[in-house]
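# Chain and residue survey
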6 protein chains.
Amino acid sequence: MIYESIGATDSEWASKSYPEIQETANADGSVLVVPVGSIEQHGHHLPVATDTILVDAVVSGASEKLDDEIPHLVTPPVWSGFSPHHLPFGGTLSLDFNHLQTVLEDVAQTGLENGFDAVCFVNGHGGNASLIDAVVSTVGTSTDAEVLGTTYFTLASDEIHNLRDSDIGGMAHGGEYETSLMLHLRPELVADTDQREATAWDEHYEWGGSDLLDSGPLAVYRSFDEYSASGAIGAPELASAEKGARIYDIVTSELAAVFVAIHEHNR
Amino acid sequence: MIYESIGATDSEWASKSYPEIQETANADGSVLVVPVGSIEQHGHHLPVATDTILVDAVVSGASEKLDDEIPHLVTPPVWSGFSPHHLPFGGTLSLDFNHLQTVLEDVAQTGLENGFDAVCFVNGHGGNASLIDAVVSTVGTSTDAEVLGTTYFTLASDEIHNLRDSDIGGMAHGGEYETSLMLHLRPELVADTDQREATAWDEHYEWGGSDLLDSGPLAVYRSFDEYSASGAIGAPELASAEKGARIYDIVTSELAAVFVAIHEHNR
Amino acid sequence: MIYESIGATDSEWASKSYPEIQETANADGSVLVVPVGSIEQHGHHLPVATDTILVDAVVSGASEKLDDEIPHLVTPPVWSGFSPHHLPFGGTLSLDFNHLQTVLEDVAQTGLENGFDAVCFVNGHGGNASLIDAVVSTVGTSTDAEVLGTTYFTLASDEIHNLRDSDIGGMAHGGEYETSLMLHLRPELVADTDQREATAWDEHYEWGGSDLLDSGPLAVYRSFDEYSASGAIGAPELASAEKGARIYDIVTSELAAVFVAIHEHNR
Amino acid sequence: MIYESIGATDSEWASKSYPEIQETANADGSVLVVPVGSIEQHGHHLPVATDTILVDAVVSGASEKLDDEIPHLVTPPVWSGFSPHHLPFGGTLSLDFNHLQTVLEDVAQTGLENGFDAVCFVNGHGGNASLIDAVVSTVGTSTDAEVLGTTYFTLASDEIHNLRDSDIGGMAHGGEYETSLMLHLRPELVADTDQREATAWDEHYEWGGSDLLDSGPLAVYRSFDEYSASGAIGAPELASAEKGARIYDIVTSELAAVFVAIHEHNR
Amino acid sequence: MIYESIGATDSEWASKSYPEIQETANADGSVLVVPVGSIEQHGHHLPVATDTILVDAVVSGASEKLDDEIPHLVTPPVWSGFSPHHLPFGGTLSLDFNHLQTVLEDVAQTGLENGFDAVCFVNGHGGNASLIDAVVSTVGTSTDAEVLGTTYFTLASDEIHNLRDSDIGGMAHGGEYETSLMLHLRPELVADTDQREATAWDEHYEWGGSDLLDSGPLAVYRSFDEYSASGAIGAPELASAEKGARIYDIVTSELAAVFVAIHEHNR
Amino acid sequence: MIYESIGATDSEWASKSYPEIQETANADGSVLVVPVGSIEQHGHHLPVATDTILVDAVVSGASEKLDDEIPHLVTPPVWSGFSPHHLPFGGTLSLDFNHLQTVLEDVAQTGLENGFDAVCFVNGHGGNASLIDAVVSTVGTSTDAEVLGTTYFTLASDEIHNLRDSDIGGMAHGGEYETSLMLHLRPELVADTDQREATAWDEHYEWGGSDLLDSGPLAVYRSFDEYSASGAIGAPELASAEKGARIYDIVTSELAAVFVAIHEHNR
């Protein structure tokens, strides 16, 4: 049972009765948080839900760092992302761009009906990034609440660069960053070292993205089988649970600071 | 973290790597299971995720009763349902009918690309029932795989009637059936007895639905505030954990039998 | 000319001028009725419009049984249904699910603009049943009028069971029920006995539907060529005009009672 | 019962079994005809189904003039048109432009699957005219069959002008042309002379349309309450059953000639 | 740079700052003009942007003939049309019917937000004609402003007929009319005489369109490779710059008169 | 006439005949370029078409720097963008997100039908940036050609930072960057110095975007009247034609290098 864990954190929308939800929503400076992940191939060594597991953990971790005074609720993570570029490998459950867009719009709009002062999408999948920006705009035009969105691994990128062992290209899809976080958070779901096959992200164009932390000014569509035989990209061999713990601490602190700022700005 | 529990059961799509998923999908008579729930008000005594928690538990329970020989995988539950009739109470995250339809179509279609011989939607929310039937048709026309769908509480209705203490109208939205299951499965999420306010489902028309187990030939649209002041309908005061255990056993056994039959028919 | 018959019954929207329509719509407890049929293959012995002919006749018959005091109007039957499962046989004019959905929504919404207190869809095609339920919800959320829907052959099912000669599986697509009604109402459109080829509805799954009057808790998508070589399913050889007359009387009386109840509830 | 009249003409799709339909469809030079009408206010003296009644009669009349050698079938008339400009008067059941578009596309495309060599939409409502042209294009790009469309009252306009008694502006919505046809075909549905209130079509712009037979190069959107207090436009006082008979003969002959030409061109 | 010419005429929306636009929009009887062209093959002798170049020139010319007192602004021409029938030749950038429809709706609706009293679409591509009519209706239902539309070459058709040298069929796609205008306005973009290959528009059906100025009552879908080997239809060999100058003068005068009439009617 | 300038550069799709277009498209390593701009308020000192003028100029300039050997064509700029956040000021013609998305998809897909090996969208409006990324994905999944996209002012940002005189916040909407380019390219469209009112881009959140060249990891929806009274943001008072010339040279060189790289990679 996946949903056995509902109620594990205090900020879960799912575990509340509706009067409890409305009480939080009506508090001053209340913030609704919508995590968005993906189910897509992550090479031979990581489970397909990696993006959803990580964004859920990061949002939960940030939420736990918040003071009780900050009224906020977190919806369950939207676990279906926009991942057509991963379909050739299998293991991927992908929504069409516009279908996922309407899901996020509907979740935010019916959530906001409860009286929240702001909604923040927190995304965990690179392929969703432009969609999140799109939805920030389309939801933004339909509400008086403040609407925000971020892709969590773009936060605190300077600090992350400082602790990385890989070159640019190593923190990518199933690489040093994600594998470290998974080794810290869910080691039992990470395959043994000998299965951590990946290639560095080697985008042909110098202007293209080539690292989770270096997106570049030129977007290029590539099915991931152009980049990698295994489906993974980056340097998982440099991953460690210890590094994962440090990344987790940095990112959850930064995201908590974002939530505090939203609360402060909307009270 | 909600997703801490991923990997708890052997049939979870989310916890696998893509090669593992494809191995199951390519086995003879493989079955893809898509649970569909809802996040909507359930009165003062149940969490809004009740439908999702229950459908997840029922599918997991059925899956655990299956022999290893039956290749199948279960996607994470789609937790967003079609619940416009609950919006007036708050606590509800509802998708438009057609938006949820495309989500289920996309999940099934990209899932089936892996090679499954059948897909079965298992629904846990009455308001989704016609949508599930719709999607069985629209996905069915697009694939050679067998496409099926059921709303779990319509299974084994004779046996359930035998164990109920309430009259017709008592197994409804947050009533004897759902509250018993929640007391068995997640008692810590059920409010104390004194908060279990509900009214019996008293549909004006004799042809209309008036119980989870008695849907009737006449569909009537009613915002739930026409039925109930608290949002709950039925007889939660007759619920017990023991009854929940018996319902759970009956329904999971029946659903397991459905899965076996699908496997047998498609091998 | 099909439309030569407009005006044959007093309740036809089509034969009225707009001031007459508005007079009825504005009366207390006024009911708008929208029959929905289908044009699809019905084996070798029945015309493709069977579902539309029958739902039109049943609604007209019910309407004629009503007291003058019950203000109501009947739109022309929507003759195009959702029938992808019949397309392989030919003779079928089918709309996509969502296209038919918008037709019913638009007809109901522009009809309700005249001031009716309720709208009731009456459906005559099994393949439309979930769509009717869907539209009851989507129209219901958009209006203050009461919105209802039924599939006529699910009404009075106990009485129908009592008069049937076929086993379960015999009242199906072009079987005992529909062929009897057609022999009563439109015998000149029914082919001779030797063309009434059909097979009993033999759904593999015990939980699946296997009779017009026994739909079962498991939906399965099947192109009808999986069930039948001729396109017809059921026991047309057991049909008779006399039985058709009895079915017609039972169903029209029951439907008339539904209309009366709607009127009473909304005045 | 409206559908009592099905089978009255030999070319009706609705009255056939599917093997009969396929036999016609597979004949050389076969033509599928789709009549399209409307249900909309037509002043105080004509029923709201006037456009549907007339297009149905005109198509049936043309069909009856055809030689047996011309294989063709006529679907039931699509009775729901695009009529937002009539909604303020009531009595109108209107589909959104794009919803009606998909209906016509689906009907034509599923009809053509049977093997017809051509499909011809015959329209009876001015407000549908651009939509028919649109659908001729969109269906045309999706099939190898020939796709055509016409609005029947634009046929044989020279001959019609010769017999009219009204000036330009008199053959309009519920005017001399339509009222004459109705007096010929369905006099019992036409109100007495003293209810035939209408105003001549007096479009402000000289380039705008101002008669059924004079559409002009400038399209102007006008809700019909800008033109007329009663809803009718034209000169119904000049209508006569005799003139209706002559119009009917001219138009059905011309339309029959169109059908023959399509047959000849596609055999 | 294409947009180097912005600002060449006084009525260009594009060259204004927003306060200037609002000043014009708020003047009495203000008119918004939206030219709509196409990019599609025009035979070997004309550029693919011919329809856009011509509609832009015609609207600019009409605008220049207007008195300063007539407040109006012209949006940039929508250069993408509905041209599936030209795709087989290449050189064509075509939008789907409904996609172009939404573009015109959005441009008109956001433009009208500034306070214009009327909007007039001026179209330069035959394939867009029904779409323009459609949009006049759909925008018309959404605004209190007056909504109009015309295809410029249908204006002043009597005068144009008087000056033509070709028979019917010669003023068509890349024929005498368009080639003359291009020789007058943009001779450097017209290929030499020996490349002006075309065939007369020879539509099989007498009721079909066979000239820019003779559209006929029967719409037929034809990919243009059914009409012409080169892609051009008509009599370009009869074109001349002098004739183009006369056509230009006639059409711009007529269109200016339309704009004046709109202004007068809406002040 | 805007379209008087067609043919001014050698790479314009619009000025070619279709055989010329196909010749280029079929050359080895051919590149289709689609500029995308916007028409939206740009304060009191810049015309509403600024984004379209600039992206057109930048693409034309880059194209002119290319060797003849690089086969490429440039479509006319799509001048309608996604600009809901500018609507409150007026002067803005904005498409809905999904409507603009389909325009770009249709233009790219019908353009690619000619045989190009790659398509590159070049965007000039910040509000379009996520939409461009979206379309790169959706078009990318539908074609074998390479699909790319960039927002031109994100290119060469290091060099641009070196020449700026404003602090972060000064190169924004109608600020130092855009005003300088306009003073270089179209000085006659720039209002006098005393009308160059703007405020520095002062986004509340430190993670939010606050400069054309500094977008930040947090997306926030803001109607532009939250940022500025005049509609302009940045430091137009620091703009100069000379700086504009330098920016233009840097950006066109960089974009030309992108085009060369695409050509090289796809030959």
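A few points on the structure. Since this is a predicted model, take the numbers as computed values, not measurements. (Residues numbered from 1 in each chain as written. Chains lettered and ligands numbered in written order. Predicted model: local features only at pLDDT ≥ 70, side-chain atom pairs only at ≥ 80, totals over all residues. Heavy atoms only, no water.)

## Focus: the interface of chain A and chain B
How big an interface is tends to be stated in terms of the accessible area lost upon association of its parts. Contacts between the two partners involve 61 residues from chain A and, on the opposite side, 60 residues from chain B. Roughly 5,100 Å² is buried in total at the junction of chain A and chain B, and carbon and sulfur atoms are behind 64% of that figure. Taken as a group, Met1, Tyr3 and Tyr18 of chain A account for 17% of the area that chain A buries against chain B, more than any other trio of residues on that side. Connecting chain A to chain B are 0 salt bridges. Contributions of two or more residues to the side of chain A that touches chain B are made by helix 1 (18–25), helix 2 (50–64) and helix 3 (97–112) of chain A. Considering each element in turn, the side of chain A that touches chain B owes the most residues, 7 residues, to helix 3 of chain A. Partitioning the side of chain A that touches chain B into residue classes produces 30 nonpolar, 23 polar and 8 charged. (Contact = heavy atoms within 4.5 Å. Buried area = accessible area lost by both parts, 1.4 Å probe. Salt bridge = Lys/Arg side-chain N within 4 Å of Asp/Glu carboxyl O. Helix = DSSP H or I, 4+ residues; strand = E, 2+ residues; numbered from the N terminus. Nonpolar A, V, L, I, M, F, W, Y, C, P; charged D, E, K, R; others polar.)

## Quick word on the relation of the copies chain C and chain D
Between the two copies, chain C and chain D, the superposition gives an RMSD of 0.0 Å; the rotation angle is 180° and the shift along the axis is 0.0 Å. Overall, the copies show the geometry of a two-fold rotation axis. Of all interface residues in chain C, 100% are interface residues in chain D too; the two copies therefore contact each other through one and the same surface. (Least-squares fit on C-alpha atoms with pLDDT ≥ 70 in both.)

## A few points about the relation of the copies chain A and chain B
The transformation that overlays chain A on chain B combines an axial shift of 0.0 Å with a rotation of 180°, and the residual RMSD is 0.0 Å. Interface overlap between copies: 98% of the residues of chain A at the interface are likewise at the interface in chain B, consistent with a symmetric, same-surface contact.

## Remarks on helix 2 (residues 50–64) of chain D
The first and last C-alpha atoms of helix 2 of chain D sit 21 Å apart over 15 residues, in line with the 21 Å expected at 1.5 Å per residue. Within helix 2 of chain D, 14 of the 15 residues are buried, which leaves it mostly tucked inside the rest of the structure. (Expected span 1.5 Å × (residues − 1). Buried < 20%, exposed > 50% of the residue type's maximum accessible area, 1.4 Å probe, protein only.)

## Overview of the interface of chain C and chain D
Of the residues lining the interface, 61 residues belong to chain C; the matching set on chain D comes to 61 residues. Carbon and sulfur atoms supply 64% of the area that chain C and chain D bury against each other, a total of about 5,100 Å² over both sides. Across the contact surface, chain C and chain D share 0 salt bridges. Summed over the shared surface of chain C and chain D, the result is 30 residue pairs in polar contact (both at pLDDT 80 or more). Those elements that place two or more of their residues in the side of chain C that touches chain D are helix 1 (18–26), helix 2 (50–64) and helix 3 (97–112) of chain C. Considering each element in turn, the side of chain C that touches chain D owes the most residues, 7 residues, to helix 3 of chain C. Considered class by class, the residues forming the side of chain C that touches chain D number 30 nonpolar, 23 polar and 8 charged. (Polar contact = N/O pair within 3.5 Å; in protein donor to acceptor, adjacent residues only side chain to side chain.)

## Focus: the environment of Asp165 of chain C
Tracing the sequence through the fold places Asp165 of chain C in the loop between helix 5 (157–163) and helix 6 (176–185). Distance from Asp165 of chain C to Leu238 of chain C, taken between C-alpha atoms, is 6.7 Å for residues 73 residues apart in sequence.

## Concerning the pairing of strand 1 (residues 31–36) of chain C
Residues and elements named next belong to chain C. Across the 6 residues of strand 1, 6 count as buried, placing the element largely inside the fold. With burial as the criterion, each face of strand 1 is covered, one bearing Val31, Val33 and Pro35 and the other bearing Leu32, Val34 and Val36. Traced from strand 1 through helix 2 to strand 2 (residues 72–74), the parallel crossover comes out right-handed. (Right-handed = clockwise from strand over helix to strand, strands pointing away.)

## Some remarks on the side chain of His173 of chain B
Residue and element names in this part refer to chain B. The topology assignment puts His173 in the loop between helix 5 (157–163) and helix 6 (176–185). In terms of polar contacts, His173 uses its side chain to reach the backbone carbonyl oxygen of Gln41, at 2.7 Å. Not counting the four nearest positions on each side in its chain, His173 is found in contact with Glu40, Gln41, His42, His86, Glu178, Phe224, Gly231, Ala232 and Ile233.

## Comments concerning the side chain of Glu254 of chain C
With respect to the helices and strands, Glu254 of chain C occurs in helix 7 (residues 241–265). Lys65 of chain C provides the closest opposite charge to the buried, unpaired Glu254 of chain C, separated from it by 9.8 Å. At 2.7 Å, the side chain of Glu254 of chain C forms a polar contact with the side chain of Trp207 of chain B. Every residue in contact with Glu254 of chain C, bar those within four places of it in the chain, is listed here: Trp207 of chain B together with Leu155, Ala156 and Glu159 of chain C. (Lys, Arg positive; Asp, Glu negative; His and termini not counted.)

## Quick look at the packing of helix 2 (residues 50–64) of chain B against helix 7 (residues 241–265) of chain B
Residue and element names in this part refer to chain B. One way to put it is that helix 2 packs onto helix 7 with a least axis distance of 8 Å and a crossing angle of 60°. What the angle tells us is that helix 2 and helix 7 run oblique. For the crossing formed where helix 2 meets helix 7, the hand is right-handed. Residues Ala57, Val58, Val59, Gly61 and Ala62 of helix 2 pack against Tyr248, Val251, Thr252, Leu255, Ala256 and Phe259 of helix 7. The class makeup of the residues in the contact of helix 2 with helix 7 is 9 nonpolar, 2 polar and no charged. (Axes fitted to C-alpha atoms, helices over the stretch in contact; angles between N-to-C directions. Parallel < 35°, antiparallel > 145°, perpendicular 65-115°, else oblique. Left-handed = near helix turned anticlockwise from the far one by under 90°.)

## Brief notes about the sheet that holds strand 2 (residues 72–74) of chain A
Pairing is mixed in the open sheet, where 5 strands are placed in the order 2(A)-1(A)-3(A)-4(A)-5(F). Unpaired on one side and paired on the other, strand 2 of chain A together with strand 5 (218–220) of chain F mark the two borders of the sheet. Pairwise comparison of adjacent strand axes, ignoring direction, gives a mean angle of 20° for this sheet. Sheet strands touched by helix 2 of chain A: strand 1 (31–36), strand 2 and strand 3 (118–123) of chain A. Its angle to strand 1 of chain A, the strand with the most contacts, is close to 155°. (Pairing = 2+ DSSP bridges.)

## A word on the environment of Leu100 of chain A
Following the sequence through the fold, Leu100 of chain A ends up in helix 3. Placed 91 residues apart in sequence, Leu100 of chain A and Ala191 of chain A show a C-alpha to C-alpha distance of 30 Å.

## Observations regarding the packing of aromatic side chains
Evaluation of the coordinates by the stated rule reveals 51 aromatic pairs over all chains. Summarising the aromatic geometry, the rings of Tyr152 of chain B and Tyr177 of chain B are spaced 6.4 Å apart at their centres and angled 40° between planes, so their arrangement reads as tilted. Taken together, the positions of Tyr152 of chain B in the loop between strand 4 (146–151) and helix 5 and Tyr177 of chain B in helix 6 put the pair 25 residues apart, joining distant regions of the chain. In this structure, Tyr152 of chain B and Tyr177 of chain B share a single accessibility class: buried. Taking 5.5 Å as the distance between ring centres and 85° as the angle between the ring planes, the aromatic pair formed by Phe224 of chain C and Tyr227 of chain C counts as edge-to-face. Comparing Phe224 of chain C with Tyr227 of chain C, the two get one shared label, buried. Feature note: the residues Phe82 and Phe97 of chain A together with Phe82 and Phe97 of chain F constitute an aromatic cluster, connected by ring pairs. (Phe/Tyr/Trp six-rings, centres within 6.5 Å; stacked < 30°, edge-to-face > 60°.)

## Quick notes on the pattern of salt bridges
Opposite charge on two side chains lets them pair, provided their charged atoms get close. The tally for this structure, following the rule as stated, stands at 48 salt bridges over all chains. A salt bridge links Arg222 of chain A to Glu226 of chain A, with the shortest nitrogen-to-oxygen separation between them at 3.5 Å. Judged by relative accessible area, which is 52%, Glu226 of chain A ranks as exposed. Residue Arg186 of chain C is joined to Glu188 of chain C by a salt bridge in which the shortest nitrogen-to-oxygen separation is 2.9 Å. With a relative accessible area of 3%, Arg186 of chain C lands in the buried category.

## What to know about the arrangement of the chains
With respect to C-alpha atoms, chain A approaches chain D no nearer than 19 Å, and the pair has no contact. Spatially, chain B and chain D are disjoint, and the shortest separation between their C-alpha atoms is 14 Å.

## Focus on helix 3 (residues 97–112) of chain E
Along an α-helix, a turn takes 3.6 residues, which lines up residues three or four apart on a common side. End to end, helix 3 of chain E covers 23 Å across 16 residues, agreeing with the expected 22 Å (1.5 Å per residue, within 8%). Across the 16 residues of helix 3 of chain E, 13 count as buried, placing the element largely inside the fold.

## Here we look at the pairing of strand 1 (residues 31–36) of chain B
Along any regular strand, the residues point their side chains to alternate faces of the sheet. Note that strand 1 of chain B and strand 2 (residues 72–74) of chain B share 3 bridges and pair parallel. Residue pairing across strands places Val31 of chain B opposite His72 of chain B, the latter belonging to strand 2 of chain B.

## A look at the sheet that holds strand 3 (residues 118–123) of chain C
Strands sit in the order 5(B)-4(C)-3(C)-1(C)-2(C) across an open sheet of 5 strands; the sheet is mixed. Looking at the sheet topology across the chains shown, the edges are occupied by strand 5 (218–220) of chain B together with strand 2 of chain C. Within this sheet the neighbouring strands show an average axis-to-axis angle of 20°, counted without direction. Each of strand 1, strand 2 and strand 3 of chain C touches helix 2 of chain C; the most contacted strand, strand 1 of chain C, lies at about 155° to it. Here helix 7 of chain C sits on the sheet in contact with strand 5 of chain B together with strand 1, strand 3 and strand 4 (146–151) of chain C, set at roughly 165° to strand 3 of chain C.

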